[in-house]
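Okay, here's what each chain looks like letter by letter:
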Amino acid sequence: MSDLQRPPASGAAWADESDRDRAPARPREHTVVGGDWQELPNVVDDDLMIINMGPQHPSTHGVLRLVLTLDGERILDTRPVIGYLHTGIEKNLEYRPWVQGVTFVTRMDYLAPLHNELAYCLAVEKLLGITGDIPERASALRVLLTEFNRVASHFVWLATGGMELGSTTAMIFGFRERETILDLFEEVSGLRMNHAFIRPGGIAMDLPDGFVPRARTAISALRDRIGEIEDLLTENPIWIERLTGVGLLTAAQCLDWGVTGPVLRSAGVAHDLRKVTPYCGIEQYDFHVPTTDTADAYGRYLIRMEEMRQSLTICEQVLDSLPEGAVMVADAKIAWPAQLALGPDGIGNAQEHIDRIMGKSMEALIHHFKLVTEGFTVPEGQVYAAIESPRGELGYHVTSSGTNKPYRVKVRDPSFLHIGVLPTMSHGLQVADIIVAVASVDPVMGGVDR
Amino acid sequence: MSRDDNPNATLGEQGDVIEAGLDVQLSRELAALRDHLVAAYPELEVLGFRGELTLIAAPERVVELLRFCRDDETVRCELLADLSGVHWPGGTIEASAQETTGWPTYAEEREGRIEIDYLLRSVAHGHAFRVRTSVGDDAPRLATATAVYAAADLMEREVYDFFGVAFDGHPDLTRVLMPDDWDGHPHRKDYPLGGVEVDFKGATIPPPDERSY
């Protein structure tokens, strides 16, 4: 900040017109180190007001900061400021063996942990050239888990979005139904979130006994609950009033800004990577991609509700046609050597496996030790693997230099690009409506900041 | 099970692989697309790996090529799906120096460079490919693609933040994920990692790339 722009020491002096003339027309740079609010009164035009929304505002979906330029209640400009949740996950991946990467990536978009794991593993498998060798059962279970995860993520969107509009019923309903799915995840992987369950080569372990009937019960219960929520909201006059015509984005704008997922589909483009570049055999299940032509927040609500139903249909089909067999690739140079099992103190190495490596086979012990500590090497090259996450195209751009650690992992997170479109989306809206607009794109800051 | 009838195969492997080998391995659609693009831009270098098409272009022609890819009817990439960077530092690089694999160690002299990858996706045609360019890693500069794809705005800021590539003509080239007053560009391989001080007789944990464990 130059001395010219610094407000004079005495409080009333910034009414001085000569100071005002020297100030820039619009403040373009704001630092996060604090104190920059002092210069703002000095540079605003007549009635324009600059308001800082966030990063701790309850309805900005985590730590998102929006610097709004307001003319009264009307938003003229929005500047999103992000990075508050930046943890350097991409950099961390470069110093860990390939398998350990799963534990990191699952923490990025924390509402869709399984999607992150799957996209990362698909990229690693593509680099290894073993995409075609993944057992069918592993692929089917990957589809099952990610589609359940999509439903859970949409429930959180409904809950947080509803709460931001003051509909606490939607919040309670959303979080309550999500628990049903998290219980299933806990049963399968031992964890409700951040599972690290999908691994390069397959999945960590097979389903527990009796899971399939319990999942079926959960699906039919969830269908009823989705119906209940639709009864509550779809025809609700307040809900319609708040959502209709808010956060408009045309198809051309979406494509220009790289916006995908439900937001693009609400503008009438039926673009879904599950249909365009199917992964894990998802093309063998029957489902459709809902679209609307309203291009607004209400359309996105309708699409997400229908997507939940479609995902449950996919889950049901997976359960109906679940193939038997292994859940990890046969190649012992890649497959995780341990056979996991549920012990008295949680999931761990199976007793059988421990007996074998500790008591019977020295070679098995060496193999286990080397693969667990050093990991496998991955051929040189760069690949891009993308899947349809609940928010849009989630892509992993992975580079290997031929060692046992990634050389560079770049995550293309849909939320990150959706943040970029907020200025376009919120121009001319009222302040109360920007809450709806932000909620309708459903950004998850863990994914944005990585 | 052979790879051909496996439904899990990627698109590239599923389509007929008409050219197999280490360098070029593309589906029929991508091969046709490659021929179309090479006809328009003969100087492009083509790379195929794991069924993905990569076009390597000179840095000064990238924006023009991107505009062509967006506007040409056959290519028609409406989406800039991803824009990322990879830093390959210069100097003598020892490759494959793993004690246990028994692979030979060889040294290679190379210039430091930063690779920028633009991943383009066509919603209309359903294909995707990569345009790659590289710039020297000493004060790198590249023309901005924001006039072609608005999505480049945030992603170029990220590349600037992490690699220090200055995009000429970018409307607002500021840091995006790191704090505004941060020094250095953390995803460059020459960026120091730093160790961790431990509260025990002045011990430190060395940075990850210097550890022996």
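About the criteria used
- Residues numbered from 1 in each chain as written.
- Chains lettered and ligands numbered in written order.
- Predicted model: local features only at pLDDT ≥ 70, side-chain atom pairs only at ≥ 80, totals over all residues.
- Heavy atoms only, no water.
- Helix = DSSP H or I, 4+ residues; strand = E, 2+ residues; numbered from the N terminus.
- Contact = heavy atoms within 4.5 Å.
- Areas by Shrake-Rupley, 256 points an atom, 1.4 Å probe, with all protein chains shown as cover.
- Axes fitted to C-alpha atoms, helices over the stretch in contact; angles between N-to-C directions.
- Left-handed = near helix turned anticlockwise from the far one by under 90°.
- Nonpolar A, V, L, I, M, F, W, Y, C, P; charged D, E, K, R; others polar.
- Core = buried A, V, L, I, M, F, W, Y, C linked by side-chain atoms within 4.5 Å.
- Buried < 20%, exposed > 50% of the residue type's maximum accessible area, 1.4 Å probe, protein only.
- Expected span 1.5 Å × (residues − 1).
- Buried area = accessible area lost by both parts, 1.4 Å probe.
- Salt bridge = Lys/Arg side-chain N within 4 Å of Asp/Glu carboxyl O.
- Polar contact = N/O pair within 3.5 Å; in protein donor to acceptor, adjacent residues only side chain to side chain.
- Patch = residues over 30% accessible without salt bridge, like charges linked within 9 Å, V, L, I, M, F, W, Y side chains within 5 Å.
- Lys, Arg positive; Asp, Glu negative; His and termini not counted.
- Charge placed at Lys NZ, Arg CZ, Asp CG, Glu CD.
- pLDDT = per-residue confidence, 0-100.
- Pairing = 2+ DSSP bridges.

S.K.: What am I meant to see in the overall build of chain B here?
M.R.: Regarding its fold elements, chain B presents 4 helices and 11 strands. Restricting the contact set of chain B to residue pairs at least 6 apart, pairs at least 24 apart contribute 50%. Total accessible area on chain B stands at roughly 10,400 Å², and carbon and sulfur atoms take up 50% of it.

S.K.: Explain the overall build of chain A here, please?
M.R.: Of the regular secondary structure elements, chain A holds 19 helices and 10 strands. Sequence-distant contacts, at least 24 apart, represent 69% of the contacts inside chain A between residues at least 6 apart. Summed over its atoms, the accessible surface of chain A is roughly 17,000 Å², and 55% of this surface lies on carbon and sulfur atoms.

S.K.: Any chance you could explain the packing of helix H14 (residues 351-360) of chain A against helix H15 (residues 362-373) of chain A here in plain terms?
M.R.: Relative orientation and spacing of two packed helices are given, respectively, by the angle between their axes and the distance between those axes. Residues and elements named next belong to chain A. Relative to each other, H14 and H15 sit at 115 degrees, their axes nearing to 6 Å. The interaxial crossing formed by H14 with H15 has left-handed handedness. Facing H14, whose interface residues are His353, Arg356, Ile357, Met358 and Lys360, H15 presents Met362, Ala364, Leu365 and His368. By residue class, the composition of the contact of H14 with H15 is 5 nonpolar, 2 polar and 2 charged.

S.K.: I keep staring at the nonpolar core and nothing clicks. Help me out?
M.R.: One broad rule of soluble globular proteins: the nonpolar side chains tend to lie buried together. Membership of the largest hydrophobic core comes to 164 residues, with the highest contact counts inside it found for Phe148 and Tyr396 of chain A together with Tyr118 and Phe129 of chain B. In terms of residues, this core owes the most to one element, helix H6 (residues 136-164) of chain A, which gives 12 residues. Once you skip the residues sitting within four places of it in the chain, Phe148 of chain A turns out to touch Ile181, Leu184, Phe185, Ala215, Ile219, Leu312 and Cys315 of chain A. Counting 5 residues, the second largest nonpolar core, distinct from the first, contains Tyr384 and Ala386 of chain A together with Ala81 and Leu119 of chain B.

S.K.: Please explain helix H5 (residues 113-128) of chain A as it appears in this structure.
M.R.: Residues spaced three or four apart along an α-helix point in a common direction, a consequence of the helix completing one turn every 3.6 residues. All names here are of chain A. Given a rise of 1.5 Å per residue, 16 residues ought to cover 22 Å, and the 23 Å separating the end C-alpha atoms of H5 matches this to within 8%. H5 sits mainly inside the fold: 16 of its 16 residues count as buried. Just downstream of H5 lies Gly129, where phi reads positive at about 75 degrees.

S.K.: Just checking my understanding: could you explain the interface of chain A and chain B for this structure?
M.R.: Reports of interface size often rely on the accessible area that becomes lost once the parts have come together. Taken residue by residue, the interface counts 66 residues in chain A and 61 residues in chain B. Of the roughly 5,200 Å² buried between chain A and chain B on both sides combined, carbon and sulfur atoms contribute 54%. One can count 6 salt bridges joining chain A with chain B. Taking the shortest distance from any N to any O, the salt bridge between Lys410 of chain A and Asp82 of chain B comes out at 2.9 Å. At the boundary of chain A and chain B, one finds 22 residue pairs in polar contact (both at pLDDT 80 or more). Residue contributions to the side of chain A that touches chain B peak at 5 residues, all from strand S8 (residues 381-389) of chain A. Of the residues that constitute the side of chain A that touches chain B, the class distribution is 23 nonpolar, 24 polar and 19 charged.

S.K.: Could you clarify how one ought to interpret a negative patch on the surface in this entry?
M.R.: A cluster of like negative charges, contributed by Glu380 of chain A together with Glu108, Glu109 and Glu111 of chain B, occupies part of the molecular surface. Here Glu111 of chain B is to be found in the loop between strand S5 (106-110) and strand S6 (113-121).

S.K.: Can you walk me through the confidence of the model for chain B in this structure?
M.R.: Any region with low pLDDT has predicted coordinates that should not be read closely. Here chain B averages 79 in pLDDT, and 82% of its residues register 70 or above. Reported for the predicted complex are a pTM of 0.84 and an ipTM of 0.81.

S.K.: Mind showing me how you'd approach the sheet that holds strand S1 (residues 48-53) of chain A here?
M.R.: Each strand in a sheet pairs with another by means of backbone hydrogen bonds, the pair being arranged parallel or else antiparallel. Residues and elements named next belong to chain A. Sheet architecture is open: 3 strands sit in the order S1-S2-S3, paired in antiparallel fashion. The two strands at the open ends of the sheet, each matched to only one other strand, are S1 and strand S3 (74-81). The average angle at which neighbouring strand axes cross in this sheet is 20 degrees, direction not considered. Bridging between S1 and strand S2 (residues 65-71) involves 6 bridges; their strand directions are antiparallel. In the sheet register, Ile50 faces S2, and the bridge partner there is Thr69. Taken strand by strand, helix H18 (residues 431-441) contacts S1, S2 and S3, and its axis lies near 145 degrees from that of S2.

S.K.: How should the pairing of S2 of chain A be read in this particular structure?
M.R.: Regular strands show a simple pattern: their side chains alternate between the two faces of the sheet. All names here are of chain A. Burial runs high along S2: 6 of the 7 residues are buried. Of the strand pairs in this sheet, S2 and S3 are connected by 7 bridges, and their pairing is antiparallel. Across the sheet, the residue bridging to Arg65 is Val81, located in S3. With antiparallel pairing between neighbouring strands as the criterion, S2 and S3 make up a hairpin whose turn holds 2 residues, including Gly72 at a positive phi of roughly 65 degrees.

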